[in-house]
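Per-entry structural report
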Amino acid sequence: MIDGIKLVRVDFRLIHGQVITKWSNTISAKEIVVINDQLSKDEYMAEIYIMAAPPGMKVSVLSINDFVTQAKNGSYASGNILVLFKNIKDARDVVDLGIPFKQVQIGGLGSGNGRTSVVKGISIDMEDIENLTAIQNSGAEVSFQVTPEEQKLSLEKASKKVRG
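Residues numbered from 1 in each chain as written. Predicted model: local features only at pLDDT ≥ 70, side-chain atom pairs only at ≥ 80, totals over all residues. Heavy atoms only, no water.

**Let's talk about the nonpolar core**
Phe67, Phe101, Ile106, Ile124 and Phe144 are the most contacted members of the largest nonpolar core, which totals 39 residues. The contact partners of Ile124, leaving out residues within four places of it in the chain, are Ile88, Leu109, Gly114, Arg115, Thr116, Val118, Ile129, Phe144, Ala158 and Val162. Ranked by size, the runner-up nonpolar core spans 19 residues in total, among them Ile15, Ile20, Tyr49 and Val59. (Core = buried A, V, L, I, M, F, W, Y, C linked by side-chain atoms within 4.5 Å. Buried < 20%, exposed > 50% of the residue type's maximum accessible area, 1.4 Å probe, protein only. Contact = heavy atoms within 4.5 Å.)

Okay, here's the thing in structure tokens:
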């Protein structure tokens, strides 16, 4: 586990009001690391996310491989870091590449194409369940929670909703 990483969150909106005000305050985040291959190559969009962060907050937008390399080199060994993923598959790819997380929080995933709503604002499908199960099997606690005030929903309970 990497001590400096205080929260790992999957939220397709990435940096937005709730994440910044509620979650970054909850963990006293000093740095946000956004991990997404596509975004890491799009300087314009990356800059928009960087500007969305509060003043003084360090923000990095990295590819999966760059994050894994930096994590293995000890870049995140200390600090109060919030790691954000745009989707569950990216989080699983990082875990599969040997970066363990203590917990992975699912925060916001849109609906559509056979996805089932498990809590307001979070919809998942069977592929998501498979990826989250692999993440949980690596030792991470996986839960669903949009805001700190809401109850956490476990992967097991979310899976039952999807499987019906």
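Next comes the rest of the write-up.
**Things to note about the pairing of strand E5 (residues 103–108)**
Counting buried residues in E5 gives five out of six residues, a clear majority hidden from the surface. Here strand E1 (residues 5–11) pairs with E5 via three bridges, running parallel. Following the sheet pairing, Val10 is matched in E5 by Ile106. For E5 and strand E8 (residues 141–144), the ladder comprises four bridges, and the chain directions are parallel. The partner of Val104 across the bridge, within E8, is Val142. (Helix = DSSP H or I, 4+ residues; strand = E, 2+ residues; numbered from the N terminus. Pairing = 2+ DSSP bridges.)

**Here's the deal with the pattern of salt bridges**
A side chain with one charge can pair with a side chain of the opposite charge if their charged atoms come near. One pass over the full model with this rule turns up nine salt bridges. Taking the shortest distance from any N to any O, the salt bridge between Lys22 and Glu149 comes out at 3.5 Å. Placement of the pair is Lys22 in helix H1 (residues 17–26) and Glu149 in the loop between E8 and strand E9 (153–154), with a sequence separation of 127 residues. Given the relative accessible area of 58%, Glu149 is considered exposed. In this structure, Asp128 and Arg115 form a salt bridge, with 3.1 Å as the shortest nitrogen-oxygen distance. Note that Asp128 is positioned in helix H6 (residues 126–137) and Arg115 in the loop between E5 and strand E6 (116–119), a separation of 13 residues in sequence. Taking relative accessible area as the criterion, Arg115 reaches 26% and is therefore assigned partly exposed. (Salt bridge = Lys/Arg side-chain N within 4 Å of Asp/Glu carboxyl O.)

**Quick notes on the sheet that holds E9**
What the seven strands build is an open sheet, ordered E3-E2-E4-E1-E5-E8-E9; its pairing is mixed. Both edges of this open sheet fall to strand E3 (58–62) and E9, since each of them pairs with a single strand only. On top of the sheet, helix H5 (residues 88–96) reaches E1, strand E2 (31–35), strand E4 (81–85) and E5; it is set at about 120° to E4, its chief contact. Along the sheet face, H6 touches E5 and E8 and points at about 140° away from the line of E8. (Axes fitted to C-alpha atoms, helices over the stretch in contact; angles between N-to-C directions.)

**A few points about the packing of H5 against H6**
Closest axis-to-axis distance for the H5/H6 pair is 9 Å, and the angle between their directions is 30°. Considering the angle they form, H5 stands roughly parallel to H6. When the axes of H5 and H6 are compared, the crossing they make is left-handed. For the pair formed by H5 and H6, the contact residues are Ile88, Lys89, Ala91, Arg92 and Val95 on the first element and Asp128, Glu130, Asn131, Leu132, Ala134 and Ile135 on the second. (Parallel < 35°, antiparallel > 145°, perpendicular 65-115°, else oblique. Left-handed = near helix turned anticlockwise from the far one by under 90°.)

These values are about where atoms sit, not about what they do.
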